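Chain by chain, the residues run as shown.
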Amino acid sequence: MSNLKEVLREKINQHRPRTERLNDEFGDFVVDKVTIGQILGGMRGIKCLVTDISYLDPNEGIRYRGYTLPEVFEKLPRGKGAEMPYVEGLFYLLLTGDLPTLNQVEDLIDEFSKRRIVPRYVYEVIDAWPCCSNPMSIFSSAILAMSRESFMAKKYKAGINKMDLWEPMYEDSLNMLAKLPEIATYIYAKLYRDGKRIVGNPDLDVGANFAHMMGKAKPYDDVARMHFIIHADHESGNVSAHTAHLVASSLSDIYLSTSAMINGLAGPLHGLANQEVLRWLQDLMDKMGGETPTENEMKQYVWDTLHSGQVIPGFGHAVLRKTDPRYTIQREFSLKHIPEDPIFKYVDLLYKVVPPILKEQGKAKNPWPNVDAQSGVIQWHYGLTEYDFYTVLFGIGRAIGITANLIWDRALLYPLERPKSLTTDMLEKIVGVKPKAEE
Ligand code: HAX
């Protein structure tokens, strides 16, 4: 049995006094100010959330528990012959802040395996969706349906001390995470394989089992591990993480909160961008009749997209101001494994032409590629050409960070989230102007 819960309990006991002290002694300390631009501009950059799971530096990119992504890939334990580390090891790191030993990861693989059986009614919920439905909607509903399993909801009803709420949240999180690959691959089989499903293998880790259930040979197990690890967390303010945190702040259980985060992830400005990149490139390929575009043709295509009032998918970021290290890791994998892939060549060309164009256009604060510019290409290369499904893969990965965050939210007794809103009249009064019509 995994010792993760006991390690976590110790970490929580050590951490609680830090949060209590900040709150009790420094509760009135001013950390940031808020401008009208931020209020009207999607709260960009306001420092008003706290998480210890990951931190996003605008220039360096994401750090998980203090480790850069290259460090995470180097230091986490991996299986024999595997290029990428175990996904379960990342969950251990995100939850505890400690790099696990191989033994600790193997125990956790066992723990996940024991919890992976999906209740029958979840498959029935999935089956009830019409065939051409959005896979993210189906995924969200399947997760939502499982809230009847929530241990935390049952404990709450029975009257649990709030200091202990993190424990059922932890149990729910492991139960849910273990099932997500099973649920996702069932949805894939329903939508794109006439329902022909490959049953999971309890002896495999999450990455290998996902590859197995998708019917994909090596190195797809490593592709899955890499994909889930790089998508796991991106601090607290992004739409998916923030949605989960907000919903869970009302003490909704992990299933309700994760289903909500999946809905936020499904938007084209967030997780859907990875499939948008593919759709956009396929459109260009169709126009080119299979020929590789010249640099000038590619530039023209980018400008045409911008002139038609659309964004270039896979480029830009609300926080990052350099190339996303998640992009770089996937690019290095692609250069090693799929350098001759025709779509990779398109993506490579985009890396050359898009940033100067976005700079010249002068709108995007970050002209560099983000994670989504590369991820779809790798999936496509390994035969996962149904790009509507790509955001589901993102969702499995993101759930790892979300659960770690929400367990800690309960452990540190973070309260109901409730910011204050103002009216436009009030804002005009604050800055001392009259409504335009009255001027
Ligand atoms: N192409 C064209 N214009 C872009 C752009 C892009 N890739 N990125 C930003 N801009 C534009 C914005 O639309 C905005 O224009 P308006 O002033 O006309 O509204 C302007 O530049 C300023 O935007 P910004 O401050 O640089 O960026 P935001 O924080 O507002 O938005 C986005 C960040 C990621 C949503 C944005 O860069 C974008 O739409 N990118 C394309 C979609 C995409 O790749 N999304 C995935 C991001 C990573 C992620 O979360 N994955 O899940």
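Structure's up top.
Report on the accompanying structure.

Reading the values: the criteria
Residues numbered from 1 in each chain as written. Predicted model: local features only at pLDDT ≥ 70, side-chain atom pairs only at ≥ 80, totals over all residues. Heavy atoms only, no water. Helix = DSSP H or I, 4+ residues; strand = E, 2+ residues; numbered from the N terminus. Rg over C-alpha atoms; globule rule 2.2 N^0.38 Å. Buried < 20%, exposed > 50% of the residue type's maximum accessible area, 1.4 Å probe, protein only. Contact = heavy atoms within 4.5 Å. Areas by Shrake-Rupley, 256 points an atom, 1.4 Å probe, with all protein chains shown as cover. Lys, Arg positive; Asp, Glu negative; His and termini not counted. Charge placed at Lys NZ, Arg CZ, Asp CG, Glu CD. Pairing = 2+ DSSP bridges. Disulfide = S-S within 2.5 Å. Phe/Tyr/Trp six-rings, centres within 6.5 Å; stacked < 30°, edge-to-face > 60°. Near = heavy atom within 4 Å. Polar contact = N/O pair within 3.5 Å; in protein donor to acceptor, adjacent residues only side chain to side chain. Nonpolar A, V, L, I, M, F, W, Y, C, P; charged D, E, K, R; others polar. Salt bridge = Lys/Arg side-chain N within 4 Å of Asp/Glu carboxyl O.

**Some thoughts on the overall build of the protein**
Across its full length, the protein holds 20 helices and 3 strands. Its C-alpha atoms give the protein a radius of gyration of 22 Å, near enough to 22 Å, the size a compact globule of 439 residues would have. Looking at the protein as a whole, 54% of its 439 residues qualify as buried. For the protein, long-range pairs separated by at least 24 residues make up 76% of all intrachain contacts whose partners lie at least 6 apart in sequence. When the accessible surface of the protein is split by element, carbon and sulfur atoms take 54% of a total near 20600 Å². In the protein, which carries 51 positive and 57 negative side-chain charges, the distance between the mean positions of the two groups comes to 2 Å.

**Some points on unusual backbone geometry**
Cis geometry is found at the peptide bond from Lys-218 to Pro-219, where omega equals 5°. Within the secondary structure layout, Pro-219 lies in the loop between helix H10 (206-214) and helix H11 (220-230). Located in the positive-phi region is Met-43, a residue other than glycine, with phi close to 60°. Mapping Met-43 onto the fold places it in the loop between helix H2 (36-40) and strand S1 (54-57). Met-43 sits in the partly exposed class, given a relative accessible area of 46%. Positive phi is not limited to glycine here, since Glu-235 has a value of about 50°. Tracing the chain through its elements places Glu-235 in the loop between H11 and helix H12 (239-248).

**Re the pairing of S1**
Only one face of S1 is buried: it carries Ser-54 and Leu-56, and the other face, with Tyr-55 and Asp-57, is open. Summarising the sheet, S1 and strand S2 (residues 61-64) pair through 4 bridges and their orientation is antiparallel. Residue pairing for S2: Tyr-55 is matched across the bridge by Arg-63. Counting the residues that bridge the hairpin from S1 to S2 gives 3 residues.

**Looking at the state of the cysteines**
All chains considered together, the criterion is met by 0 disulfides. Its sulfur unpaired, Cys-131 is 4.5 Å from the next cysteine sulfur, which belongs to Cys-132. Accessibility expressed as a relative area gives 70% for Cys-132, which makes it exposed.

**A word on the packing of aromatic side chains**
One pass over the structure, following the stated rule, counts 10 aromatic pairs. Relative to Phe-228, the ring of Phe-210 has its centre 5.2 Å away and its plane inclined at 75°; by these criteria the two rings are edge-to-face. Taken together, the residues Phe-210 in helix H10 and Phe-228 in helix H11 connect sequence positions 18 residues apart. According to the relative accessible area criterion, Phe-228 is buried, its value standing at 1%. A ring pair is formed by Tyr-327 and Tyr-351, whose centres lie 5.0 Å apart and whose planes are at 55°; its orientation type is tilted. Taken together, the positions of Tyr-327 in helix H16 (residues 325-337) and Tyr-351 in helix H17 (residues 342-361) put the pair 24 residues apart, joining distant regions of the chain.

**What to know about the sheet that holds strand S3 (residues 67-68)**
Spatially, 3 strands are ordered S1-S2-S3 in an open sheet, and the strand pairing comes out antiparallel. Bordering the open sheet on either side are S1 and S3, each of which pairs with just one other strand.

**Overview of the site of the ligand**
Around the ligand, the surrounding shell holds 21 residues, and the nearest of these are His-270, Gly-314, Phe-315, Lys-365 and Asp-372. One nitrogen or oxygen atom from the main chain of Phe-315 is found 2.8 Å from a nitrogen atom belonging to the ligand. Asn-370 has a polar side-chain atom sitting 3.0 Å from an oxygen atom of the ligand. Taken by itself the ligand offers 900 Å² of open surface, and the protein chains cover 76% of this. Class assignment for the residues of the shell around the ligand results in 11 nonpolar, 6 polar and 4 charged.

**Here's the deal with the pattern of salt bridges**
Tallied over the full model, the rule gives 27 salt bridges. Across the pair Glu-171 and Lys-5 runs a salt bridge whose closest N-O atoms are separated by 2.7 Å. Within this pair, whereas Glu-171 is found in helix H9 (residues 166-192), its partner Lys-5 is found in helix H1 (residues 4-26), the two being separated by 166 residues in sequence. A relative accessible area of 17% means that Glu-171 is categorised as buried. A salt bridge links Glu-340 to Lys-345; the nearest nitrogen and oxygen atoms lie 2.9 Å apart. Looking at Glu-340, the relative accessible area reads 59%, which means it is exposed. Given the relative accessible area of 39%, Lys-345 is considered partly exposed. One salt-bridge network, held together by shared partners, links Lys-5, Glu-6, Arg-9, Glu-111, Arg-115, Glu-167 and Glu-171.

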